[in-house]
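# Per-entry structural report
What follows is each chain in one-letter form.
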Amino acid sequence: MKAIAEFAMRGRFQALLLTVGGAGSILFCWISAAVLALVTLRKGAGMGAQLWFWALLPSGAVWYTSGDSGPLTLLTGTLVLAMVLRATVSLPLAVLSSVAIGALSGLAMLTLGQHYLDQMVSVFGEFLAQLEQNLAQGGEAVQLPRPTNLQIAGMLGAGSAMTSVLCLLLARYWQAALYNPGGFGDEFRALRFTPAVATGTALAAAAVSALGAEFRTWAVICMLPLSFAGLALVHARARYRGQGTGWLVAFYAIWIIFDPIKLMVVFVAIADSWFDFRQRWAKPGKDLDRGED
């Protein structure tokens with residue numbers, strides 16, 4: 001992966017080749033987005049905007065032909081987050097900006113992508129119908145709720161916001177690997193929000209969720225920054241206790257499978273905003289049984 005970053009930083013043509021080359025692929029557009037963010041962080045918003053402009057051609061073609069605006073949305077969202085990070089030098093603020101990216105992406109899909117949403121609803125409906133038949137073979141009929149256009153738009157917006165943050169973090173990792181080895185790990189493990197921001201995003205998520213089941217996917221967008229902050233705290237704790245990569249891999253496997261773990265990570269991030277666990281761990285005499293760093 002580092003080789004991709006090294007190639008992109010050799011010159012404008014190499015960066016343009018990587019950005020445009022993957023922008024028209026649903027499978028590989030994340031590489032283009034990460035390269036776009038890397039160039040923006042290193043060379044400035046102007047250079048990033050130029051690459052984004054050329055990437056509009058393949059990503060726009062995908063949107064026009066298939067109705068899938070995913071590549072275009074990912075490139076645009078990642079560029080915006082990279083611009084925020086370069087201008088503010090604040091990873092928490094850049095991650096927080098993903099809420100706006102997710103909300104605007106979902107609203108754009110509702111406004112401009114109704115046909116694509118209808119197709120997604122149809123696909124989900126067919127899948128659930130088949131699942132109902134399989135579940136009903138042994139007894140009573142099963143009726144599963146069907147997603148609506150509003151729910152899927154929120155899901156796509158949340159996915160776009162989350163992937164944009166991941167691409168930004170990958171770009172930041174590349175930047176540190178090339179110019180400041182080890183810097184990204186320290187920066188990510190320090191990711192934390194103030195009590196006002198953490199509480200505000202949590203209340204916003206609760207308020208949106210209270211509007212009804214159709215809005216719960218939109219509430220996920222509000223919780224994304226807290227999820228990343230909670231995961232950063234997990235990494236900080238693992239580093240403090242001297243726990244290796246295997247432990248983190250096991251944690252992420254559990255986190256992906258079990259929804260209660262996702263909520264626990266969010267709650268831990270909110271608590272950390274008030275109590276600053278990292279500072280408590282660093283105090284002399286605290287947690288003397290910790291592993292070597």
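Conventions we followed
Residue positions are counted from 1 within each chain, in the order its sequence is given. Local features in this predicted model are restricted to residues whose pLDDT is 70 or higher, and side-chain atom pairs enter the listing and the counts only when it is 80 or higher, whereas totals over whole chains, interfaces and linings include all residues. Excluded from the side-chain calculations are hydrogens and water; all other atoms, namely the structure's heavy atoms, are used. Here the axes come from fitting lines to C-alpha atoms, over the contacting stretch only for helices, and the angles between their N-to-C directions go from 0 to 180 degrees. In this text, helices come from DSSP runs of H or I with a minimum length of four residues, and strands from runs of E with a minimum of two, each type numbered from the N-terminal end. In what follows, roughly perpendicular refers to angles from 65 to 115 degrees, roughly parallel to angles under 35, roughly antiparallel to angles over 145, and oblique to any angle outside these ranges. Handedness of each helix crossing follows the sense of rotation of the near helix against the far helix: counterclockwise by less than a right angle gives left-handed, clockwise gives right-handed. Only heavy atoms matter for contacts: two residues are in contact if any of them lie within 4.5 Å across the pair. Only Asp, Glu, Lys and Arg are considered charged, only Ala, Val, Leu, Ile, Met, Phe, Trp, Tyr, Cys and Pro nonpolar, and every remaining residue, Gly among them, polar. For a helix, the expected span equals 1.5 Å multiplied by the number of residues minus one. Exposure is judged per residue with a 1.4 Å probe applied to protein chains only, and the accessible area is read against the type maximum: over 50% gives exposed, under 20% gives buried, and values in between give partly exposed.

### Points about the packing of helix α5 (residues 70-88) against helix α7 (residues 98-112)
Taken N-terminus to C-terminus, the directions of α5 and α7 make an angle of 155°; their axes are 10 Å apart at the nearest point. In terms of orientation, α5 and α7 fall into the roughly antiparallel class. Here α5 runs over α7; the crossing is right-handed. Where α5 abuts α7, its residues T73, G77, V80 and L81 lie against S98, I101 and S105. Here the residues of the contact of α5 with α7 sort into 3 nonpolar, 4 polar and no charged.

### Concerning helix α14 (residues 259-275)
Helix length check: α14, at 17 residues, gives a terminal C-alpha distance of 25 Å against a target of 24 Å (1.5 Å per residue), a fit within 8%. Turning to α14, its buried residues number three or more, namely I261, V265, V266, A269, I270, D272 and S273. Contact partners of the buried residues in α14: α11 (195-209), α12 (216-241), α13 (245-257) and α15 (277-282). Directly after α14, the chain includes D276, whose backbone phi takes a positive value near 50°.

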